[in-house]
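So the chains spell out like this:
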Amino acid sequence: MKKVKYYKIAVFASVLVALNACSHEEQPTASQLDYTQPEKTPLDNWIGTSYLDSYNINVQYKWNQNTVDNNRFLFPPAVEKVKPALEIVQKIWLDSYSTIGGADFVKKIAPREIVLIGGVNLNSVGTRTLGIAEGGQRVTLFETDYIDKNDRANVSEFIHTIQHEYIHILNQNKPFDEKSWAVLTPGGYTADWYNFDVPESNEIGFITSYARSNINEDFAETAAMILISSKVEYAEFLDGIESPTAYAALKAKEALVVKYFKDAFNMDFYALRDEAEKNTNFVINNK
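Values in this document were obtained by computation on a predicted structure and should not be read as measured data.

Looking at this structure, I do not really get the pairing of strand 4 (residues 138-141). What am I missing?
A regular strand carries its side chains on alternate faces of the sheet. By the bridge criterion, four bridges tie strand 2 (residues 113-116) to strand 4 in an arrangement that is parallel. Each bridged residue has a counterpart across the sheet, and for Val115 the counterpart in strand 4 is Thr140. With antiparallel pairing between neighbouring strands as the criterion, strand 3 (residues 131-134) and strand 4 make up a hairpin whose turn holds three residues, including Gly135 at a positive phi of roughly 60°.

Can you walk me through the side chain of Asn154 in this structure?
Counting through the fold element by element, Asn154 comes out in helix 5 (residues 152-173). From its side chain, Asn154 meets the backbone oxygen of Tyr146 in a polar contact 3.0 Å long. Ignoring anything within four residues of it in the chain, the contact list for Asn154 reads Tyr146, Ile147 and Asp148.

Where do I start with the nonpolar core in this structure?
The tendency in soluble globular proteins is for nonpolar side chains to be buried side by side. In this structure, Tyr51, Trp93, Tyr97, Val106, Leu170 and Phe261 are the most contacted members of the largest nonpolar core, which totals 64 residues. Here the element with the most residues in this core is helix 3 (residues 79-101); it accounts for nine residues. In this view, Tyr51 contacts Trp46, Asn56, Ile57, Val59, Leu86, Val89, Gln90, Leu94 and Ile114; residues no more than four positions away in its chain are not counted.

I keep staring at unusual backbone geometry and nothing clicks. Help me out?
A positive phi angle, close to 65°, is found at Glu143, a residue other than glycine. Secondary-structure assignment places Glu143 in the loop between strand 4 and helix 5. At Asn266, a position not held by glycine, the phi torsion is positive, near 55°. Among the secondary structure elements, Asn266 is positioned in the loop between helix 10 (244-265) and helix 11 (269-285). Residue class for Asn266 comes out exposed when judged on its relative accessible area of 57%.

Where do I start with the sheet that holds strand 2 in this structure?
Either a parallel or an antiparallel arrangement is found when strands of a sheet pair, and the pairing is made through backbone hydrogen bonds. An order of 1-2-4-3 is seen for the four strands of this open sheet, with the pairing classed as mixed. At either margin of the open sheet sits one strand with a lone partner, and together these are strand 1 (58-60) and strand 3. Adjacent strand axes in the sheet meet at a mean angle of 15° when their direction is disregarded.

I keep staring at the side chain of Thr185 and nothing clicks. Help me out?
Relative to the assigned elements, Thr185 resides in the loop between helix 6 (178-182) and helix 7 (198-202). Residue class for Thr185 comes out buried when judged on its relative accessible area of 7%. Beyond its immediate sequence surroundings of up to four residues, Thr185 is in contact with Ile204, Gly205, Phe206, Asp218, Ala249 and Lys253.

Sorry, what's going on with the packing of helix 10 against helix 11 here?
For any two helices packed against each other, the geometry comes down to the angle between their axes and how far apart the axes lie. Where helix 10 contacts helix 11, the two axes come as close as 8 Å, and the packing angle between them is 95°. The angle between helix 10 and helix 11 places the two elements in the roughly perpendicular class. Note on element contacts: helix 11 touches helix 10 through Phe269, Tyr270 and Leu272, opposite Glu254, Val257, Val258 and Phe261. Residue composition of the contact of helix 10 with helix 11, grouped by class: six nonpolar, no polar and one charged.

What is the right way to look at the packing of helix 5 against helix 10 in this model?
Direction vectors running N to C along helix 5 and helix 10 enclose 50°, while the axes themselves pass 12 Å from each other. Viewed along their axes, helix 5 and helix 10 adopt a mutual orientation that is oblique. You can see that helix 5 and helix 10 cross each other, and the crossing is left-handed. Counting all contacts with helix 5, which are made through Ile167, Leu170, Asn171 and Asn173, the residues of helix 10 involved are Tyr260, Phe261 and Phe265. Of the residues assigned to the contact of helix 5 with helix 10, the class counts are five nonpolar, two polar and no charged.

Hey, could you run me through a nonpolar patch on the surface in this one?
Among the surface-exposed residues, Val120, Leu122 and Tyr146 lie close enough to one another that they form a single nonpolar patch of about 280 Å² accessible area. As for its position among the elements, Val120 is in the loop between strand 2 and strand 3.

Even after reading the chapter, I still don't get the pattern of salt bridges, so can you show me in this structure?
Applying the stated criterion across every chain, the model contains twelve salt bridges. Between Arg138 and Glu113 there is a salt bridge; the shortest N-O distance is 2.8 Å. Within this pair, whereas Arg138 is found in strand 4, its partner Glu113 is found in strand 2, the two being separated by 25 residues in sequence. By relative accessible area, which is 13% here, Glu113 ends up buried. Measuring nitrogen to oxygen at the nearest pair gives 3.3 Å for the salt bridge that ties Glu254 to Lys251. In this pair, Glu254 and Lys251 both sit in helix 10, three residues apart, roughly one turn of the helix. By relative accessible area, which is 4% here, Glu254 ends up buried. According to the relative accessible area criterion, Lys251 is partly exposed, its value standing at 34%. Residues participating in the shared-partner salt-bridge network are Arg128, Glu143 and Glu157.

Parameters at a glance
- Residues numbered from 1 in each chain as written.
- Predicted model: local features only at pLDDT ≥ 70, side-chain atom pairs only at ≥ 80, totals over all residues.
- Heavy atoms only, no water.
- Pairing = 2+ DSSP bridges.
- Helix = DSSP H or I, 4+ residues; strand = E, 2+ residues; numbered from the N terminus.
- Polar contact = N/O pair within 3.5 Å; in protein donor to acceptor, adjacent residues only side chain to side chain.
- Contact = heavy atoms within 4.5 Å.
- Core = buried A, V, L, I, M, F, W, Y, C linked by side-chain atoms within 4.5 Å.
- Buried < 20%, exposed > 50% of the residue type's maximum accessible area, 1.4 Å probe, protein only.
- Axes fitted to C-alpha atoms, helices over the stretch in contact; angles between N-to-C directions.
- Parallel < 35°, antiparallel > 145°, perpendicular 65-115°, else oblique.
- Nonpolar A, V, L, I, M, F, W, Y, C, P; charged D, E, K, R; others polar.
- Left-handed = near helix turned anticlockwise from the far one by under 90°.
- Patch = residues over 30% accessible without salt bridge, like charges linked within 9 Å, V, L, I, M, F, W, Y side chains within 5 Å.
- Areas by Shrake-Rupley, 256 points an atom, 1.4 Å probe, with all protein chains shown as cover.
- Salt bridge = Lys/Arg side-chain N within 4 Å of Asp/Glu carboxyl O.

Okay, structure coming up:
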């Protein structure tokens, strides 16, 4: 028992000695942290004016390991690709919603941050993740380095990502009619959607194969695909559907999307589609 007490006293004494020794060492007189703000580039100033000031959306294009999956081989976008990517998003997505939904629509319902990634986000099953919406606050867009304004299909694929992810954000704000949607093609949903080609999925009532993953993705894909298609393109797509049952399901889904935009936001979905088409043509023709 005495040994234990002695041990405690000895340790306490050692701590006092150590503290006393430290008190005599030279202490820093000022903070060693560097609070100097990095100088803004012309690109930073343009982003501040076009996104942060106009829509309260921050854009992150410089590398931040806390905003990406560090188990994937990802890298930041080439600086010269950042503005072209953001101009596409601004013209086709932001301007279209602002024109049809009202100047404040996106200001009120929007991700507060857009993260740009340069490369491909490849999944183990061979698919690519083109975008992620996180809690309605952040949207991550991949493959920024591969944008080509000369290629309409390329631009459409890129803008499809933000259109799709924004639909999820709208749904988080105001849910769509899941019960009515769920009865349209109940047997077609599968976790293995990537094993089915698009024409096969079309013929059972799904606009893409990815739409078969669950009803939330089905709604977002249906709305997004219509928004990146012209009226003529979408009509041609429907005309190519051979199954009457699939055709009816696709038209019913389209009708639910249109109703959702009208009921939830008092917005004409077809007018939004036409505005997006007009702005897409502007992007392609003004390289």
